[in-house]
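Structural overview for review
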Amino acid sequence: MTDATDAPYEAAIADADPADPADGVGAASRSNRIAPFAALGVAIVMLAFLVLLVGADPDDGLDDAETPLLGRPAPEATATDLRDGSFFDLSRRKGSWVVLNFFQSECRPCILEHPELIEFVDQQRALPADGAEFYSIAVGDTREAALGFFEERGGDWPVLFSDNDRFPIAFGVAAVPETWIIDPNGIVSARFISEVDAEGLSVTLQQLRERQR
């Protein structure tokens, strides 16, 4: 169905005689009338684009997910370090930035993000003093499967395991991967419920550091 407002324009095109000079003059005249409106339209679009740029969030890090724990003290959580058998108590990590990554050995997204986590840990270790501590927490896994994941794919940071998944339950982790950032005061600063990458995680962490200075 043709819009009624378009019909006169279509008819004028159909009836025009290319050999008639008057038709050429008419077309030129119409073009001259349309040109200012076209320029105005372009100007409006560019102005709207500039407004969007000015109002955009300058943060280039990851988008975090909502949680009732955000901005509140991290839950009390303990686990065993599968590498050396030592006892881990999250509450004793105050004074340091702590990044927790919840994973499962057969989780495909966990496997895909693992090289990014290796890169992130290397970046943090290269920092003189501000580097974050990084821990992986097994979810719904056996001790053997959790350690086997790292033996196959690399990564030499602590791997935490808690009986009956007490540690992930304390954080309300329902699916993996999830990554959390805890500030030096023990406050939950960010939560991500999908794959993360080294650059985005590093940028987000740096933004959080700068906000506390």
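Throughout what follows, the structure given in this document is the object of discussion. (Residues numbered from 1 in each chain as written. Predicted model: local features only at pLDDT ≥ 70, side-chain atom pairs only at ≥ 80, totals over all residues. Heavy atoms only, no water.)

1. What to know about the overall build of the chain
Within the chain, the regular secondary structure consists of six helices and seven strands. Beginning at the N terminus, the succession of helices and strands in the chain can be written as α-α-β-β-β-α-β-α-β-α-β-β-α. Expressed as a percentage of the 213 residues in the chain, the buried residues total 34%. For the chain, the share of sequence-separated contacts (at least 6 apart) that also reach a separation of at least 24 residues comes to 72%. Summed over its atoms, the accessible surface of the chain is roughly 12,800 Å², and 56% of this surface lies on carbon and sulfur atoms. (Helix = DSSP H or I, 4+ residues; strand = E, 2+ residues; numbered from the N terminus. Buried < 20%, exposed > 50% of the residue type's maximum accessible area, 1.4 Å probe, protein only. Contact = heavy atoms within 4.5 Å. Areas by Shrake-Rupley, 256 points an atom, 1.4 Å probe, with all protein chains shown as cover.)

2. Let's talk about the environment of Ala146
Assignment of secondary structure puts Ala146 in helix H4 (residues 143-153). Between the alpha carbons of Ala146 and Val159 there is a distance of 7.7 Å; along the sequence they are 13 residues apart. Dropping the residues within four chain positions of it, Ala146 is found in contact with Leu82, Phe103, Ala138, Asp141 and Val159.

3. Considerations on the packing of helix H3 (residues 108-126) against helix H6 (residues 198-212)
One can describe the packing of H3 onto H6 by two numbers: an axis separation of 8 Å at closest approach and a directional angle of 40°. The angle between H3 and H6 falls in the class oblique. Crossing angle aside, the handedness with which H3 passes H6 is right-handed. Contacts between H3 and H6 pair Glu116, Glu119, Phe120, Gln123 and Gln124 from the former with Ala198, Leu201, Ser202, Leu205 and Arg209 from the latter. Considered class by class, the residues forming the contact of H3 with H6 number four nonpolar, three polar and three charged. (Axes fitted to C-alpha atoms, helices over the stretch in contact; angles between N-to-C directions. Parallel < 35°, antiparallel > 145°, perpendicular 65-115°, else oblique. Left-handed = near helix turned anticlockwise from the far one by under 90°. Nonpolar A, V, L, I, M, F, W, Y, C, P; charged D, E, K, R; others polar.)

4. A short note on the pattern of salt bridges
Taken as a whole and assessed by the stated rule, the structure comprises six salt bridges. Measuring nitrogen to oxygen at the nearest pair gives 2.8 Å for the salt bridge that ties Asp156 to Arg125. Of the two residues, Asp156 is situated in the loop between H4 and strand E5 (159-161) and Arg125 in helix H3; the sequence distance between them amounts to 31 residues. Look at Asp156 and you get exposed, because its relative accessible area is 53%. With relative accessibility at 48%, the residue Arg125 sits in the partly exposed group. Here Arg143 and Asp163 are joined by a salt bridge, their closest N and O atoms 3.4 Å apart. Of the two residues, Arg143 sits in helix H4 while Asp163 sits in the loop between E5 and helix H5 (166-170), which places them 20 residues apart along the sequence. By relative accessible area, which is 34% here, Arg143 ends up partly exposed. For Asp163, a relative accessible area of 38% translates into the label partly exposed. (Salt bridge = Lys/Arg side-chain N within 4 Å of Asp/Glu carboxyl O.)

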